[in-house]
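# Architecture at a glance
Residues per chain are reported as follows:
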Amino acid sequence: MTEKMVVDKVEKLVGVKGMNDLLPAQSATVEWFEEKVRALFSRYAYRNIRTPIVERTPLFVRGLGEVTDIVEKEMYSFDDRLNGDPLTLRPEATAGVVRAALEHSLLYDGGKRLYYIGPMFRHERPQKGRYRQFDQIGAEALGFSGPEVDAELILMAHHLWQEIGLQDVRLELNSLGQPAERLAHRQALIAYFERHQDALDEDARRRLHSNPLRILDTKNPTMQALVNAAPQLLDFLGSESLAHLNSLRAILDANQVAYSINPRLVRGMDYYNLSVFEFVTDRLGSQGTVCAGGRYDYLFEQLGGKPSPAVGWALGVDRVLELLKAAGMPKREPVLDAYAIVSDLSFMPQVLAVLHTLRTCGVSVQMHTSAAQTMGSMKSQFKRADASGARHALIFAANELSQHQVTVKALRDAAAPQITHSLADVAAWASTLQSAA
Ligand code: ATP
Ligand code: MG
């Protein structure tokens, strides 16, 4: 452009509604939590999988079911600008994990225990604990049919709550049985709701014949009495389904994991069978489900693959952290080992070389920076050092540097003497700067 651009007033851009920035004060806690998760999951032999955030739309339509909240109204979908392929930002990760397992024949030599961490996208009404972009952590055990694996996953979630000190979550459990059992129950359910047509809301009426089970999942308070008295799927289970449930219960009982059977627990996706469960809390209002999952033995087939049993769960990171906050969890902030005070800009080549060695030794150190070619007074630099939260100040001044030395001053312990160290053997004293934690 040759002409000078004339800008009257530039509108300030803001982020997308329901999609939040995670600033350093909060991300430190998220990272702490994720590290706990990774460490714990590896002790259970679960390994990380990372699938793309964008998938083809039919994956979710077929995987989750057409008559689900997510597919009906919550997906961010668009067409590929070149070939017109229908694409969707993933609203959940199970379908993508199963797709990847099929695409790469991951189960060729047996079952796989996997976990993922990452953002999901749903066009919901934003409110506390409910966002349009939110992080989920999920664990999936692919290729395992036994109730002991359902139990392992539940015990792992329970263990995670213990590791991070989370209380006030309770486990609810149900069985959705097998398709034939569900069909018999479905007919009883339709007959029941038909007798009570007048009491159904619009959503329920629409789903009466397409997906009556989902009516049990309603959040409409005026329908609670009606759904409470509806025929229960548990009464339609055959002996094998009951045996699966009872084996799971026996393991939970033996491991002192308390739970209650909730016959109305049906979950929001179509792919579940047998065990379904949720960890819920009363401390987060209506966004009370912290972690949810179940068995999905038919999803592989539904996505065009060889049948393989599977079970998994996903937790909402925001809700877990919200709950920890409500319980008064201390803030997690990284502590700096040192702050480098530098009396003259010309010392920087030497100072940065020393800082590099310190960092190689594991010391965290922030350097003072110049303004208009000057480093500022020592007093103002000490003020900065103090405000940084660092535990030590490293003083690089003319006197010290001329003798190849640096002075270390403890900032949080007034009684501690200043110590002068030689720059020739940084590695030898680097560890004295590091906090024990
Ligand atoms: P809800 O009934 O609260 O809508 P859901 O059944 O849709 O939950 P899942 O799809 O099972 O939730 O997702 C697992 C977990 O992910 C939930 O238990 C919750 O902790 C979290 N989660 C789901 N949707 C959101 C969202 N929009 N914002 C934040 N966290 C969410
Ligand atoms: Mg939902």
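Remember, predicted model here, so these are calculated numbers, not experimental data. (Residues numbered from 1 in each chain as written. Chains lettered and ligands numbered in written order. Predicted model: local features only at pLDDT ≥ 70, side-chain atom pairs only at ≥ 80, totals over all residues. Heavy atoms only, no water.)

Here we take up the side chain of Glu74. Within the secondary structure, Glu74 is located in helix α3 (residues 69-74). The side chain of Glu74 sits in the buried core without any salt bridge; Arg122 is the nearest counter-charge, 4.6 Å away. Setting aside residues no more than four positions away along its own chain, Glu74 makes contact with Asp69, Phe121, Arg122, His123 and Glu124. (Helix = DSSP H or I, 4+ residues; strand = E, 2+ residues; numbered from the N terminus. Buried < 20%, exposed > 50% of the residue type's maximum accessible area, 1.4 Å probe, protein only. Lys, Arg positive; Asp, Glu negative; His and termini not counted. Salt bridge = Lys/Arg side-chain N within 4 Å of Asp/Glu carboxyl O. Contact = heavy atoms within 4.5 Å.)

Neighbouring ligand 1 are 17 residues, the closest being Arg122, Glu124, Arg130, Arg267 and Thr289. Within the contact set of ligand 1, an oxygen atom lies 2.7 Å away from a side-chain nitrogen or oxygen of Arg122. The backbone of Gly316 places a nitrogen or oxygen atom 3.3 Å from an oxygen atom of ligand 1. Expressed as a share of its isolated accessible area of 590 Å², the protein-covered part of ligand 1 is 92%. Looking at the shell around ligand 1, the elements with two or more residues in it are β6 (133-142), β10 (289-295) and β11 (310-316). (Near = heavy atom within 4 Å. Polar contact = N/O pair within 3.5 Å; in protein donor to acceptor, adjacent residues only side chain to side chain. Areas by Shrake-Rupley, 256 points an atom, 1.4 Å probe, with all protein chains shown as cover.)

Moving on, we get to a nonpolar patch on the surface. A cluster of nonpolar side chains, Ile53, Val54 and Phe78, forms an exposed patch at the surface whose accessible area comes to about 220 Å². Along the chain, the position of Phe78 falls in strand β3 (residues 76-79). (Patch = residues over 30% accessible without salt bridge, like charges linked within 9 Å, V, L, I, M, F, W, Y side chains within 5 Å.)

Another aspect to go through is the packing of helix α2 (residues 57-64) against helix α4 (residues 94-103). Axis separation between α2 and α4 bottoms out at 9 Å; the angle between their running directions is 105°. Classed by the angle they form, the pair α2 and α4 counts as roughly perpendicular. Counting all contacts with α2, which are made through Leu59, Phe60 and Leu64, the residues of α4 involved are Ala95, Gly96 and Arg99. (Axes fitted to C-alpha atoms, helices over the stretch in contact; angles between N-to-C directions. Parallel < 35°, antiparallel > 145°, perpendicular 65-115°, else oblique.)

With that out of the way, let us pick up the pattern of salt bridges. Here the structure, examined in full by the defined rule, presents 20 salt bridges. For Glu72, the salt bridge goes to Arg207, with nearest N and O atoms at 2.9 Å. Of the two residues, Glu72 is situated in helix α3 and Arg207 in helix α7 (residues 202-207); the sequence distance between them amounts to 135 residues. Look at Arg207 and you get buried, because its relative accessible area is 5%. Of the charged contacts in the structure, one is a salt bridge between Arg206 and Asp203, with a shortest N-O distance of 2.4 Å. Of the two residues, Arg206 and Asp203 both sit in helix α7, three residues apart, roughly one turn of that helix. For Asp203, a relative accessible area of 30% translates into the label partly exposed. A network of salt bridges, in which partner residues are shared, links Asp69, Glu72, Lys73, Asp203, Arg206 and Arg207.

Next up on the list: the domain arrangement of the protein. Structurally, the protein comprises domain 1 (24-177 + 237-326) and domain 2 (338-433). Using C-alpha coordinates to define each centre, domain 1 is positioned 48 Å away from domain 2. (Domains from an automatic or database assignment.)

Let us now look at the packing of aromatic side chains. In this structure the tally under the stated criterion is six aromatic pairs. Both rings, one in Tyr192 and one in Phe193, keep their centres 5.3 Å apart while their planes meet at 65°; by these two values the pair is edge-to-face. Each member of the pair, Tyr192 as well as Phe193, is classed as buried. On the basis of an interplanar angle of 65° and a centroid distance of 4.8 Å, the ring pair of Tyr271 and Tyr272 is categorised as edge-to-face. The burial state of Tyr271 is the same as that of Tyr272; both residues are buried. Linked through ring pairs, Phe41, Tyr115 and Trp313 together constitute an aromatic cluster. (Phe/Tyr/Trp six-rings, centres within 6.5 Å; stacked < 30°, edge-to-face > 60°.)

The next thing to look at is the packing of helix α5 (residues 147-164) against helix α9 (residues 239-254). Across the interface, α5 lies against α9 with an axial gap of 8 Å and an inter-helix angle of 40°. Between α5 and α9, the angle falls in the class oblique. Crossing handedness for the pair α5 and α9: right-handed. Taking contact as the criterion, the partners of Pro147, Glu148, Asp150, Ala151, Ile154 and Leu155 in α5 are, on α9, His244, Ser247, Leu248, Ile251 and Leu252. Here the contact of α5 with α9 is composed, by residue class, of seven nonpolar, two polar and two charged. (Left-handed = near helix turned anticlockwise from the far one by under 90°. Nonpolar A, V, L, I, M, F, W, Y, C, P; charged D, E, K, R; others polar.)

Turning our eyes to something else, we now look at the sheet that holds strand β1 (residues 47-48). Reading across from one edge, β1-β5-β6-β11-β10-β9-β7-β8 is the order of the eight strands in this open sheet, with mixed pairing throughout. The outermost strands of the open sheet, each flanked by one partner alone, are β1 and β8 (259-261). The pairing of β10 with β11 spans five bridges and is antiparallel. Residue pairing across strands places Gly294 opposite Gly312, the latter belonging to β11. The strands that α4 touches are β5 (112-121) and β6; relative to β6, the one it contacts most, it runs at about 45°. Against the sheet, α9 touches β7 (170-175), β8, β9 (273-280) and β10, its axis set at about 160° to β7. (Pairing = 2+ DSSP bridges.)

With four bridges connecting them, β3 and strand β4 (residues 86-89) associate as antiparallel partners. Paired with Ser77 across the two strands is Thr88, which belongs to β4. Connecting β3 to the antiparallel partner β4 that follows it, the hairpin turn spans six residues, and Gly84 within it adopts a positive phi of roughly 75°.

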